Amino acid sequence: MRKFEVVSPYEPSGDQGQAIDRLSEGFLRGDRYQTLKGVTGSGKTFTMAKIIERVQRPTLIISHNKTLSAQLYREFKSFFPKNAVEYFVSYYDYYQPEAYVPARDLYIEKDAAVNKEIDNLRIKATYSLMERRDVIVVATVSCIYGLGMPDLYKEMRVHVSKGELFDIRKFELAVNSIQYQRNDMVLERGNFRVRGDTIEIFPPYMETDSAYRIELDFDEIARIKRFNVLNRDVEEDLDELFIYPSKHFVVPHSELVSATERIEKELEERLEVLNAQGKLLEAERLKTRTTYDIEMMKEMGYCSGIENYSAPIAGRNPGDPPATLLHYFPDDFLCMIDEAHVSVPQIGAMYEGDRSRKQNLVDFGFRLPSALDNRPLKFAEFEKKLNQVIYVTATPRKEEIAQSTQVVEQIIRPTGLLDPIVHIRPSEGQMEDIYKEVQERVKKGERSLILTLTKKMAEDLTDYLLGLRMKVKYIHSEIDTFERVEILKSLRTGEIDVLIGINLLREGIDLPEVSFIAILDADKIGFLRSVTSLIQIIGRAARNENGTVVMYADVITPAIKEAVGETRRRREIQEKYNEEHGITPHTVSKAVQDILVRAQKDGEENAQIDVNILQNSANLFDAKQRKKVIDALKKEMADYAERLEYEQAAAIRDHILEIERTYGKKN
């Protein structure tokens, strides 16, 4: 069995070592909940990697959005090149869920575009969990949504071995039943082809462009090879081969027949209820739709919206939780929840939001009651399925602290940098004070952030500072993904000196050039000025040796008092450590160039992923949102053209034309 092995030129430094030791020991003695309370820039990801190496358990890492998940995935891939590091996020580029709005008598049909590449990565994650234990899966909260049953997924795999008798017709029926398509012309993922005495099959879960070739000697399997699809080179000779399903939702025909009988029975019972309530229109609507779906399943083995019948297909009782990614993990797995103060509440909110939408569909005859069981896990069900958990966050909530047997702090940064100095000043004369502070930073070649409470204030303040001939821009939710990246890059390179925003935490990027942060209306009560938010904001200045934060407030709120007190406590510990070890903190001056080069490389490799993230949050039927997507695509197309990568530019151009044909032009 392969062991987890971290490959890195670095060794644990600062207080990373004690965090790794204490959390690993806690896990091995059976502590169910622990918390890693690590400050910004303390190397929490490296600590997580070393804990995995120490405990040697399959690991699920949950993050609260796709962008941060992608960053974690790349980091863990670099830490564990010899192990299976997988990526499991929502595979929708665009998703409009099925819904009914009674007040307007408006039915909205489900509309979705599946990203095939991400779908393949999801299948690869479950395949790895079936085949090995040295697996790390980086996932979003999509991991709590229904997935095919793991027992059935494993049971339906097709096995072939060298020397056995082979019937091509039986093999074809077997792989067809697990969603592989025959294509004798082109060998693509999820396809197979037959050429005389040679069968080639390309599973979607293969990490590289590898497929399998089965060579026959009359009716006997003579050779099984893994080969490269592009250059046809043989990579490995095998004695046996397991071919796993091409999709997660696979059901044997016999079980599908039984499922349609259960669906028919549920339909009869539901029609009686609706007719008894005098809902004749709803009853007829439900009968027509469900009868059609049953006929499709009987004839084709599939129907549109088949996931709504997942409970009767799986034979689950009403209210039973669906199988999810968590069910593919062995019982002794480790779960790490990154940015737990955001991720855990998000997990808890998924069920209610899904339930309220589907209840209308059931009440008004669009779906059977069993559709309610095609759902994410309830929070209690999620917790029950977990084995042992380590919460990872700089600002754990009271709930995480109360659950944890130990909260391990990681306060010392490997760079020796300290938490910033925090001042509290009155709001009167704040503009003049900010101008003076920013000008001092400009002279030193450093950058500044200003946080407001509203978009309008951010825009007005930008206009005011532009009038003072300062290089400044604002950023908020109406700025699209690509423009946000460009604005952040311009701040880092010095094209602008000041960035104004509301919640700059969401950008998820380190800004070592920022030495000054101004927090306006720091004494206002609310989420944006809570203890958690204030501590996270203060952490933005912790990448710079001259980091300073000024809160403009006329009242010292409990949130301000706690945030300032916690920052001072951390700074004192860091200063003492530096003094004892002879460390002089310095801003990492090369970080700008390194990160920009990496960002450019990631941009080239992941341009399509960035576009997908943007489209995932956009409703293309909305003209304003469609314009944003098309403008972003055109900018990406221009960037490719400037780099003389005309094939990629042409592909994006064709994608723009397809959007315009389907949804209309941007104006």
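Just so it is clear, the model here is predicted, and its values are computed rather than measured.

K.L.:
With reference to specific residues and values, describe the overall build of the chain.
P.N.:
For the chain, the count of helices and strands is 21 helices and 25 strands. Taken over C-alpha atoms, the radius of gyration comes to 28 Å for the chain, in line with the 26 Å a tight globule of 667 residues would show. Taking the principal axes of its C-alpha atoms as reference, the chain extends roughly 80 × 65 × 55 Å. A burial count over the chain gives 50% of its 667 residues as buried.

K.L.:
Hey, could you go over the side chain of glutamine 34 for me, with residue numbers and the actual values?
P.N.:
Along the chain, glutamine 34 falls in strand S1 (residues 33-38). Among the polar contacts listed, one links the side chain of glutamine 34 to the backbone oxygen of leucine 23, at a separation of 3.2 Å. A distance of 2.6 Å separates polar atoms of two side chains, one belonging to glutamine 34 and the other to glutamine 406. Dropping the residues within four chain positions of it, glutamine 34 is found in contact with Arg22, Leu23, Gly26, Phe27, Val389, Ile390, Tyr391, Ser404, Thr405 and Gln406.

K.L.:
Got a sec to walk through the pattern of salt bridges? Specific residues and values, please.
P.N.:
Under the definition given, this model contains 46 salt bridges. The salt bridge involving glutamate 5 is made with lysine 82; its shortest N-O contact spans 3.3 Å. Taken together, the residues span a long stretch of sequence, with glutamate 5 in the segment before helix H1 (16-28) and lysine 82 in the loop between helix H3 (66-79) and strand S3 (84-88) at a distance of 77 residues. Of the charged contacts in the structure, one is a salt bridge between arginine 569 and glutamate 566, with a shortest N-O distance of 2.9 Å. In this pair, arginine 569 and glutamate 566 both sit in helix H17 (residues 558-581), three residues apart, roughly one turn of the helix.

K.L.:
Could you give me a rundown of empty space enclosed by the protein, with the residues and numbers involved?
P.N.:
Under the counting rule described, the total for this entry stands at five cavities of 30 Å³ or more. Volume-wise, the largest cavity comes out at about 70 Å³. Lining the largest cavity, in full, are Val39, Thr40, Ala394, Arg413, Asp419, Ile535, Gln536, Ile538, Gly539, Ala542, Thr567 and Arg570. The leading source of residues in the lining of the largest cavity is helix H16 (residues 531-538), at three residues. Of the residues assigned to the lining of the largest cavity, the class counts are five nonpolar, four polar and three charged.

K.L.:
Tell me about unusual backbone geometry, and please be specific about residues and values.
P.N.:
Located in the positive-phi region is glutamine 56, a residue other than glycine, with phi close to 55 degrees. Here glutamine 56 lies in the loop between helix H2 (44-55) and strand S2 (59-62). Its identity is not glycine, yet aspartate 521 carries a phi of approximately 50 degrees, on the positive side. Position of aspartate 521 among the secondary structure elements: in the loop between strand S24 (514-519) and H16. You can call aspartate 521 partly exposed: its relative accessible area is 21%.

K.L.:
Requested: an account of the sheet that holds strand S10 (residues 181-182), with residues and values cited.
P.N.:
Spatial ordering of the open sheet is given by S10-S11-S12-S13-S14-S15, a layout of six strands whose pairing is mixed. If you trace the sheet from one side to the other, it starts and ends with S10 and strand S15 (234-238), each paired once.

K.L.:
Break down H1 for me, citing the residues and quoting the values.
P.N.:
Between its first and last C-alpha atoms H1 spans 18 Å; for 13 residues at 1.5 Å apiece the expected length is 18 Å, and the two agree. The secondary structure elements touched by the buried residues of H1 are S1, H2, strand S17 (334-338), strand S18 (388-393) and strand S19 (406-410).

K.L.:
Which residues make up the sheet that holds S3, and what values do they have?
P.N.:
Read across the open sheet, the seven strands follow the order S3-S8-S2-S17-S18-S1-S19; overall the sheet is parallel. Each edge of the open sheet is held by one strand with a lone partner, namely S3 and S19. Going from strand to strand, the sheet's axes swing by 20 degrees on average, the running direction of each strand aside. Two elements, S3 and strand S8 (residues 135-139), share five bridges in a ladder whose sense is parallel. Across the sheet, alanine 84 pairs through a bridge with valine 135, a residue of S8. Docked against the sheet, H2 engages S1, S2, S8, S17, S18 and S19, running at close to 175 degrees with respect to S17.

K.L.:
Can you tell me about the nonpolar core, naming the residues and giving the values?
P.N.:
Most often, soluble globular proteins have nonpolar side chains that are buried together. Core analysis: the biggest nonpolar cluster contains 63 residues, and Leu60, Val137, Cys143, Phe171, Ile243, Leu325 and Phe382 have the highest contact counts within it. With five residues, helix H4 (residues 116-131) is the single largest residue contributor to this core. Among all residues touching isoleucine 243, those that are not within four sequence positions of it are Arg157, Val158, Phe171, Ile178, Tyr180, Ile201 and Tyr205. In terms of nonpolar packing, the next biggest core, distinct from the first, is built from 33 residues, Phe46, Ala70, Phe80 and Met336 among them.

K.L.:
How would you summarise the packing of aromatic side chains if you had to cite specific residues and measurements?
P.N.:
Applying the stated rule across the entire model yields 18 aromatic pairs. Aromatic pair tyrosine 100 and phenylalanine 364: ring centres 4.9 Å apart, planes at 50 degrees, arrangement tilted. Residue tyrosine 100 is found in strand S5 (residues 99-101), and its partner phenylalanine 364 is found in the loop between helix H10 (340-363) and helix H11 (379-385); the two are separated by 264 residues along the sequence. Looking at phenylalanine 364, the relative accessible area reads 24%, which means it is partly exposed. Relative to tyrosine 328, the ring of tyrosine 153 lies with its centre 5.9 Å away and its plane at 75 degrees, an arrangement referred to as edge-to-face. Here tyrosine 153 is found in helix H5 (residues 150-155), whereas its partner tyrosine 328 is found in the loop between helix H9 (310-314) and S17, with 175 residues between them in sequence. Accessibility assignment for this pair places tyrosine 153 and tyrosine 328 in one class, buried. Between arginine 122 and the ring centre of phenylalanine 88, over which it is positioned, the NZ or CZ distance is 4.2 Å. A cation over a ring is seen here: arginine 213 above phenylalanine 227, with NZ or CZ 4.2 Å from the ring centre.

Rules used throughout
Residues numbered from 1 in each chain as written. Predicted model: local features only at pLDDT ≥ 70, side-chain atom pairs only at ≥ 80, totals over all residues. Heavy atoms only, no water. Helix = DSSP H or I, 4+ residues; strand = E, 2+ residues; numbered from the N terminus. Rg over C-alpha atoms; globule rule 2.2 N^0.38 Å. Buried < 20%, exposed > 50% of the residue type's maximum accessible area, 1.4 Å probe, protein only. Polar contact = N/O pair within 3.5 Å; in protein donor to acceptor, adjacent residues only side chain to side chain. Contact = heavy atoms within 4.5 Å. Salt bridge = Lys/Arg side-chain N within 4 Å of Asp/Glu carboxyl O. 1 Å grid on protein atoms, 1.4 Å probe; cavity = no way out; pocket = protein on both sides within 12 Å on 5 of 7 lines; lining within 4 Å. Points joined across faces, edges and corners; volume = space filled by probe spheres on them. Nonpolar A, V, L, I, M, F, W, Y, C, P; charged D, E, K, R; others polar. Pairing = 2+ DSSP bridges. Expected span 1.5 Å × (residues − 1). Axes fitted to C-alpha atoms, helices over the stretch in contact; angles between N-to-C directions. Core = buried A, V, L, I, M, F, W, Y, C linked by side-chain atoms within 4.5 Å. Phe/Tyr/Trp six-rings, centres within 6.5 Å; stacked < 30°, edge-to-face > 60°. Lys NZ or Arg CZ within 6 Å of the ring centre and 35° of its normal.

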